[in-house]
Amino acid sequence: MRVLGVDPGLTRCGVGVVEGLPGRPCRLVHYEVVTSEPDTDLALRLLGLDERLAALLAEHRPEAVAVERVFSQHNVRTVMGTAQAGAVAILAAARAGLPVRMYTPSEVKAAISGSGQADKAQVTAMVTRLLRLEAAPRPADAADALALAICHVWRGGAQERISAALRRAR
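K.L.:
Could you give an account of the sheet that holds strand E5 (residues 100-103), naming the residues involved and the relevant values?
P.N.:
By way of backbone hydrogen bonds, the strands of a sheet pair with one another, either parallel or antiparallel. Across the sheet, which stays open at both edges, the five strands sit in the order E3-E2-E1-E4-E5 with mixed pairing between neighbours. Two strands in the sheet have a free side with no partner beyond their single neighbour: strand E3 (27-35) and E5. Direction aside, neighbouring strands of the sheet carry axes that sit 20 degrees apart on average. Contacts from helix H1 (residues 42-60) reach strand E1 (2-7), strand E2 (12-19), E3 and strand E4 (64-68) within the one sheet, and its direction differs from that of E3 by about 165 degrees.

Pasting the structure below:
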């Protein structure tokens, strides 16, 4: 299963693609951070993100997209930008006909490190180890996107297979 993970953000949006099967090591396919300047018009920033995500979906042809679920923060402006970027990722996936699954940060941390309380350094270290990389993906937004993709391969992929088997059994 090939999954594109998205750590949404307007200024920095992490994107990572991995390939793997539940319970087995994943393989790195690609990662990057899509950036935009804060002083650029919001509509143009969102359009740029949409265009880049569409290109990545066409190039890497994932079977699913995993997006980090926006969680409550004290800075409303940051939450709004993150939510807008996440919506662009969901829309890009829907336009490509791909299923989307959203995960909370604690779900991703638990899947990757075994603890929903892991910090960014621990997540980055585990992503580096799990993908057998020589160097950690940088910046942290890229590592977070890869963690989302791994989480979906391991958890979402398995859940989808179980649901499909139950549907067939009925």
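Moving on, there is more to tell.
K.L.:
Please give an account of the environment of Leu-10 that cites residues and values.
P.N.:
When you line up the elements, Leu-10 lands in the loop between E1 and E2. Along the primary structure Leu-10 and Thr-78 are separated by 68 residues, whereas in three dimensions their C-alpha atoms are 8.7 Å apart. The residues touching Leu-10, leaving out its near neighbours within four places in the chain, are Ser-36, Leu-42, Arg-45, Leu-46, Gly-81, Gln-84 and Ala-85.

K.L.:
Describe the packing of H1 against helix H2 (residues 76-95), naming the residues involved and giving the relevant values.
P.N.:
The geometry of H1 relative to H2 is characterised by a closest axis approach of 9 Å and an angle of 40 degrees between their N-to-C directions. Taken together, the axes of H1 and H2 are oblique relative to one another. Crossing of H1 against H2: the hand is right-handed. In this structure, H1 contributes Leu-42, Leu-46, Leu-49, Asp-50, Leu-53 and Leu-57 to the contact, and H2 contributes Gln-84, Ala-85, Val-88, Ala-89, Ala-92, Ala-93 and Arg-95. Split by residue class, the contact of H1 with H2 holds 10 nonpolar, one polar and two charged.

Rules used throughout
- Residues numbered from 1 in each chain as written.
- Predicted model: local features only at pLDDT ≥ 70, side-chain atom pairs only at ≥ 80, totals over all residues.
- Heavy atoms only, no water.
- Pairing = 2+ DSSP bridges.
- Helix = DSSP H or I, 4+ residues; strand = E, 2+ residues; numbered from the N terminus.
- Axes fitted to C-alpha atoms, helices over the stretch in contact; angles between N-to-C directions.
- Contact = heavy atoms within 4.5 Å.
- Parallel < 35°, antiparallel > 145°, perpendicular 65-115°, else oblique.
- Left-handed = near helix turned anticlockwise from the far one by under 90°.
- Nonpolar A, V, L, I, M, F, W, Y, C, P; charged D, E, K, R; others polar.

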